[in-house]
Amino acid sequence: MDRITILFGTESGNAEMVADDLSAAMGQGGIDAPVVSMEDYSVDDLRSQDVIILVVSTYGEGDLPETAVPFFQALREDKPDLAGLRFAAFGLGDSTYDTYNLGVATLVSALTDLGATQIGETGHHDADSGLDASELAVTWVNDVLALTAPA
Ligand SMILES: Cc1cc2nc3c(=O)[nH]c(=O)nc-3n(C[C@H](O)[C@H](O)[C@H](O)COP(=O)(O)O)c2cc1C
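What comes next concerns the included structure. (Residues numbered from 1 in each chain as written. Predicted model: local features only at pLDDT ≥ 70, side-chain atom pairs only at ≥ 80, totals over all residues.)

Quick notes on the overall build of the chain
To be explicit about the condition: In this description a helix means any DSSP run of H or I spanning at least four residues, a strand means any run of E spanning at least two, and both kinds are numbered starting from the N terminus. Every radius of gyration here is taken over C-alpha atoms, with the globule rule written as 2.2 Å times N^0.38, N being the number of residues. Exposure is read from a count of other C-beta atoms within 10 Å of each residue's own; the residue is exposed at 12 or fewer, buried at 20 or more and partly exposed in between. C-beta atoms are placed from the backbone. Any two residues are considered in contact once their C-beta atoms, placed from the backbone, lie within 7 Å.
Looking only at helices and strands, the chain features four helices and six strands. The order of helices and strands in the chain, counted from the N terminus, is β-α-β-β-α-β-α-β-β-α. For 151 residues, the compact-globule estimate of 2.2 N^0.38 gives 15 Å, and the chain sits close to it at 14 Å. In terms of overall dimensions, the chain has C-alpha extents of about 40 × 35 × 25 Å along its principal axes. Among the 151 residues that make up the chain, the fraction classed as buried is 36%. Long-range contacts, defined here as pairs at least 24 residues apart, represent 80% of the contacts in the chain between residues at least 6 apart.

Here it is as structure tokens:
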């Protein structure tokens, strides 16, 4: 696996920062990991990908951030066949909300409903924990990448 696109959806920039830091860490491991906003990504392109990483926050009351909404709607409307796609997902949220990290769960369901296969467990950052989101995400992605390595 030498190229993995990282798609982010953010409202106030944290998910983009995490995506950039993941890309830098993966680059050090020899993986080319372009970072693209979900706003600028066509769901048609998902069918030509082998593995992608989603990084997305939750806003409002369990909603997707605004920059992820068109991507989500296009998945629901265009219904691309994603049987050939594997993905990993990392969510940013805050456990003081009842709707903790619902945004990433919404996207995971949308992709798996279209036939995509999730790699590993969804990663979660809790803004209330005081932990550094990028550090947590880099540890998480290393576990995920180990699952994509050939046996
Ligand atoms: C107005 C507002 C609403 C939020 N709603 C939720 C929510 O429903 N569930 C959740 O888990 N986190 C919620 N959060 C927390 C954000 O997801 C968290 O701060 C995250 O790090 C933001 O990432 P972003 O900058 O990439 O959008 C909310 C934050 C704000 C400011």
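Now, onward.
A look at the site of the ligand
This is how it is decided: Near, for a residue, is defined by distance from a backbone-placed C-beta atom to a molecule or strand, with 6 Å as the limit that must not be exceeded.
Inspection of the region around the ligand gives 22 residues, with Thr10, Asn14, Ala15, Ser57 and Gly93 positioned closest. Mapped by element, the contributors of at least two residues to the shell around the ligand are α1 (14–28) and β4 (86–93).

Quick notes on the packing of α1 against helix α4 (residues 133–148)
Short version of the rule: Axis definition: a line fitted to C-alpha atoms, over the contacting stretch in the case of helices. Angles run 0 to 180 degrees between N-to-C directions. Each angle is binned into one of four classes, with values under 35 degrees roughly parallel, values over 145 roughly antiparallel, values of 65 to 115 roughly perpendicular, and all other values oblique. For any helix crossing, the convention is left-handed if the near helix is rotated counterclockwise from the far helix by under a right angle, and right-handed if that rotation is clockwise. Side-chain classes follow a simple rule in which Ala, Val, Leu, Ile, Met, Phe, Trp, Tyr, Cys and Pro form the nonpolar group, Asp, Glu, Lys and Arg form the charged group, and the remainder, Gly included, forms the polar group.
In contact at an axis separation of 9 Å, α1 and α4 are set at 45° when each is read in the N-to-C sense. Our classification of the angle between α1 and α4 gives oblique. Handedness of the α1/α4 crossing: right-handed. On the side of α1, the interface is formed by Asn14, Met17, Val18, Asp21, Leu22, Ala25 and Met26, while α4 contributes Ala133, Ser134, Ala137, Val138 and Val141. Here the residues of the contact of α1 with α4 are counted per class, giving nine nonpolar, two polar and one charged.

Concerning the nonpolar core
The cut-off we apply is this: Remark: nonpolar core denotes a set of buried Ala, Val, Leu, Ile, Met, Phe, Trp, Tyr and Cys residues whose joining runs through C-beta atoms within 7 Å.
Grouped together as the largest cluster of nonpolar side chains are 40 residues, with contacts concentrated most on Leu22 and Val55. Those elements that provide at least two residues to this core are β1 (5–9), α1, β3 (51–57), α2 (69–78), β4, α3 (102–113) and α4. The residues contacting Leu22, other than those within four sequence positions of it, are Ile6, Ala33, Ile53, Val55, Ala137, Val138 and Val141.

What about α1?
Spelled out, the test is: Given a helix with a known number of residues, its expected span is that number minus one, times 1.5 Å. For this quantity, the arc is that covered by the directions from the helix axis to the C-beta atoms.
Helix length check: α1 (15 residues) gives 21 Å between terminal C-alpha atoms against 21 Å at 1.5 Å per residue, within 8%. What α1 keeps buried is the set Ala15, Val18, Ala19, Leu22, Ser23 and Met26. Angular distribution of buried residues about the axis of α1 spans 140°; they occupy a single face of the element. Seen from the buried face of α1, the exposed residues on the opposite side, beyond 90 degrees, are Gly27 and Gln28. In this structure, the buried residues of α1 make contact with β1, β2 (35–37), β3, β4 and α4.

A word on the environment of Ile6
Relative to the helices and strands, Ile6 is located in strand β1. Judged by the 22 C-beta atoms lying within 10 Å of it, Ile6 falls in the buried class. Those residues in contact with Ile6 that sit more than four places away from it in its chain are Ala19, Leu22, Ser23, Ala33, Val35, Ile53 and Val55.

With respect to the packing of α2 against α3
The N-to-C vectors of α2 and α3 enclose an angle of 25°; their axes lie 10 Å apart at closest approach. For the element pair α2 / α3, the angle class is roughly parallel. Judged by the sense of rotation from one axis to the other, the crossing of α2 with α3 is left-handed. Counting all contacts with α2, which are made through Phe72, Leu75 and Arg76, the residues of α3 involved are Thr106, Leu107 and Ala110. Looking at the contact of α2 with α3 residue by residue, the class counts come to four nonpolar, one polar and one charged.

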